[in-house]
Amino acid sequence: MPNTKELAHHEEIQKRFTGAHALCAGCGTPVCVRTILNAIEEPVVVINATGCLEVATTRYPTTAWNVPWIHVAFENAAAVASGIEAAYRALRRRGKITKEIRVVAFGGDGGTYDIGLQALSGALERGHRFLYVCYDNEAYMNTGNQRSGATPFAAQTTTAPTGEKSFGKPQRRKDLTEIVAAHHVPYVAQASISDWYDLAVKARKAVSVDGPAFLNVLSTCPRGWGHPTDQSIKIARLGVETCYWPLYEIIDGQWHLNYMPEERLPIVEWLRPQRRFAHLFEPGNEALIAQIQQQVDEDWEKLLRRCEGRA
Amino acid sequence: MRRYEQGSFFLEIEPRRCKGCGVCVQSCPQGVLTLNSEGKVEATEIARCVFCGICEQRCPDFAISVHKERILQPSLV
Amino acid sequence: MREQELVQGNEACARGAIYAGCRFFAGYPITPSSEIMEYLARELPKVGGICLQMEDEIASLSAVIGASWGGAKAMTATSGPGFSLMQENIGYAAITETPCVIVDAQRAGPSTGQPTKASQGDVMQARWGTHGDHPIIVLTASWVREVFEMTVHAFNLSERYRVPVILLLDEVLAHLRENVVLPEPGELDVISRRHPERLENFKPFFDETMVTFGEGGRLMVTGMSHDEFGFPAQGKKAAEQLQRILKKIESRAEELAIYRAHYLDDADAVIVSYGITSRAVEESVRVLRAEGLAVGWLDLKTLWPFPEKLIRSCTEHAQYVLVPELNAGQLVREVERAVGGRVLVEHLGRLDGYLITPEEIAARVYDRVECLKGA
């Protein structure tokens, strides 16, 4: 099996996802997609849920994809992946296909946390061998920044606006990685675009297990989050360093922490550079920041207990 | 196309493809790259470059590439 | 006198909803209708209303149905793919006689289609999208002020007759900004659902009076065929109930018909249009009249129940009927059926997501009228 460095020099693999797309400067999604596809040795079939990735990579009359690619609708990427995988398995059994192929589905947080959760849950439960990647930019960015199940507490979106009666989204983000883990699938991991090696290794592990695998990847959105376009990696990095977005994996039910910050940064470091949290720094909102810090602390403690210090 | 050479390695940057997202700048372990005043990437510290290829791997727009062997100009062959 | 202001179609729809007393909105983001939810997310809490973003369109209409039975005037807004997901619940709202308004900003389909391009391809889906025979009212609009008015009207009809009302907009109208003077409070009628005088022996599915949850009446609401008490029914009883709710709307087709008629008295050629296409027709009729052609124009606002008699009477003396619409031919079939072969009925369609131009319409009418004269 070639190592990551060797794959990096494989021209065909390198051009699975090409530059012919219109994703914004600073968008984390193409970085996430490239890193994952470049780390997979076997031929891949890509399923794409509706979202920025689908729209901006298949602009009339071009495509950024050099692999078999299918987009069906918003809610059913995992269901389509199930069909492809089942058919592939049948053809393989009858000897019509001899190659080992990998089925990879990409969906945003809207298409995964919300409308696509049912399809994802079904596919995980049925145990299809596929990798589902959620590029999580924490809101419906394709339609102009509406809240999603992934939008964090107190973040401003167009449908969770700030004002006299509202401080942004009043609910907490749902923890999808844990929801997926509860399906007892062989590989579940949380990663970030800032830590490319970690992400690449996780993609390789994910496609090597015999069963469903899931990656939840923090992916920046300069338009929705309101940060400078040339700061994406740094911002995503801050998410990891403040333990807002810890990097961990769950292999056959065993929790492993992948990165332990030497010194945990306070959550304000993550909140401050993003305009969607700007209202939290107005006078009178100190309690909200304290509340967010407390939530993060609790989640982090819980995660540490689960991982039992394994890193 | 800009070319930055060092020994038998070179780095190529295609400014027309560069959107100035800084993914390469922030990912470079050696601090070789910066964004210039036009928001395009430049290899200002090429002497520090170890040609690891992370910038090429991460660039969402294929604007930067790392080459191990210098391609000789036809006239020099 | 209110001042003129620059208002987007989606915003006019949202403001019309608040004007009509809508205090509950549940939706899911989709181009080109997202601005309705964005506006209501900001403005509904200020008037004591609730705006919920749901996990998909199925949940959106479900929440709206729930809210309606909870006593609120409720609405959802979506576009093509989301409208397809809502179909099951549209049938549910129809058989349970739940007042609710569904706004569909049509985009070029089928499936994902062209999300940022206009279409009028959901006309038949709005009528027949859900399974089984069911009553439905479908309205449309062509101007931004009309979007406001028709939204209010949609609520009025929905509350008055206990029926789901669909308002068909399209991508262009939804995103179009126009200088308008919107109605003042009190300028338009606002109708609310009628309550029965007594709760004893009340029959929840007997007429257009409605009791909501928490009022004390005994309620059983089910999507199963039911009798006037809401208990599951089969056979003759089920048929009677269905007949009643179908007749409730179909028998009122003529009084529900809203339209604008122009120059129909002496018209040799009649253009029947609706929605965004009417804007082009207005200009083409002006041009054709200036050329001396006897062209009339029927601008429909109510699409379903289809105003058959109106079409028949308007085309009585015409020799030619043109139905321009942004699809491959949907409402034209209804017009043909109403006309019954007496007159040549033609369809002028467009599927590329762009609008039909006044020139296209004028040229077609001019050619045909000249041709008919020659014959």
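Residues numbered from 1 in each chain as written. Chains lettered and ligands numbered in written order. Predicted model: local features only at pLDDT ≥ 70, side-chain atom pairs only at ≥ 80, totals over all residues.

When you go through chain C residue by residue, the secondary structure sums to 13 helices and 15 strands. Taking 21 Å as the expected radius of gyration for a compact globule of 375 residues, we find that chain C reaches 21 Å, a close match to that expectation. The principal-axis extents of the C-alpha atoms in chain C amount to approximately 70 × 50 × 40 Å. Here chain C holds 375 residues, and the buried ones make up 51% of them. The long-range fraction of contacts in chain C, counting pairs at least 24 apart against all pairs at least 6 apart in sequence, stands at 76%. (Helix = DSSP H or I, 4+ residues; strand = E, 2+ residues; numbered from the N terminus. Rg over C-alpha atoms; globule rule 2.2 N^0.38 Å. Buried ≥ 20, exposed ≤ 12 C-beta atoms within 10 Å, placed from the backbone. Contact = placed C-beta atoms within 7 Å.)

Quick look at helix α13 (residues 358-374) of chain C now. All names here are of chain C. Here α13 spans 24 Å end to end across 17 residues, near enough to the 24 Å set by a 1.5 Å rise per residue. Listed as buried for α13 are Ile361, Ala362, Val365 and Val369. Projected down its long axis, α13 shows its buried positions confined to an angular sector of 95°, all on one face. The exposed set on the far side of α13, more than 90 degrees from its buried face, consists of Glu359, Asp367, Glu370, Cys371 and Gly374. Close packing links the buried residues of α13 with β11 (269-274), α10 (277-290), β12 (295-300), β14 (320-325) and β15 (344-349). (Expected span 1.5 Å × (residues − 1). Arc of directions from axis to C-beta.)

We now examine the domain arrangement of chain C. Accessible area lost upon the coming together of the parts is a frequently used measure of interface size. Residues and elements named next belong to chain C. According to the domain assignment, chain C consists of domain 1 (5-180) and domain 2 (260-374). Each of domain 1 and domain 2 has a C-alpha centre, and the two are 27 Å apart. The partner domain 2 presents 17 residues to the 23 residues of domain 1 that form the contact. Secondary-structure elements contributing two or more residues to the side of domain 1 that touches domain 2 are β6 (114-118), α5 (123-128), β7 (137-140), β8 (164-170) and α7 (171-175). In terms of residue class, the side of domain 1 that touches domain 2 is built from 14 nonpolar, 6 polar and 3 charged. (Domains from an automatic or database assignment. Nonpolar A, V, L, I, M, F, W, Y, C, P; charged D, E, K, R; others polar.)

This brings us to the sheet that holds strand β5 (residues 64-67) of chain B. All names here are of chain B. What the 3 strands build is an open sheet, ordered β1-β2-β5; its pairing is antiparallel. This sheet does not close on itself; its edge strands, each paired only once, are β1 (2-6) and β5. Each strand axis lies, on average, 15° off the axis of its neighbour in the sheet, ignoring direction. (Pairing = 2+ DSSP bridges. Axes fitted to C-alpha atoms, helices over the stretch in contact; angles between N-to-C directions.)

For the 2 pairs of chains in contact, the maximum contact count is reached by chains A and B. With respect to C-alpha atoms, chain B approaches chain C no nearer than 25 Å, and the pair has no contact.

Tracing the backbone through its elements, the reader meets Arg342 of chain C in the loop between α12 (331-339) and β15. Residues Arg342 of chain C and Gln319 of chain C, 23 residues apart in the sequence, show an inter-C-alpha distance of 8.4 Å.

Between chain B and chain A, the residue contacts involve 16 residues of the former and 18 residues of the latter. When the residues that make up the side of chain B that touches chain A are grouped by side-chain class, the tally is 6 nonpolar, 6 polar and 4 charged.

Between chain A and chain C, the contact holds 18 residues from the first and 15 residues from the second. Looking at the side of chain A that touches chain C, its residues break down into 5 nonpolar, 9 polar and 4 charged.

Right, let's talk about the sheet that holds strand β9 (residues 248-251) of chain A for a bit. Residue and element names in this part refer to chain A. In spatial order, the strands read β2-β1-β3-β4-β8-β7-β9-β10; together these 8 strands make up an open sheet with mixed pairing. What marks the edges here is a single partner per strand, and that holds for β2 (69-71) and β10 (254-257). Between one strand axis and the next, the sheet turns by 20° as a mean value, whatever way the strands run. Pairing between strand β1 (residues 44-48) and strand β3 (residues 102-108): 5 bridges, direction parallel. When the bridges of β3 are listed, Ile47 appears paired with Ala105. The sheet strands contacting helix α13 (residues 286-307) are β9 and β10, and the helix crosses β10 at an angle near 120°.

Every α-helical turn comprises 3.6 residues, leaving residues that sit three or four positions apart pointing alike. Residue and element names in this part refer to chain A. A rise of 1.5 Å per residue sets the reference length of helix α9 (residues 196-208), with its 13 residues, at 18 Å; its end C-alpha atoms lie 18 Å apart and thus fit the reference within 8%. Listing the buried residues of α9 in full gives Trp196, Leu199, Ala200, Lys202, Ala203, Ala206 and Val207. Taken end-on, α9 shows its buried residues confined to a sector of 165°, consistent with a single buried face.

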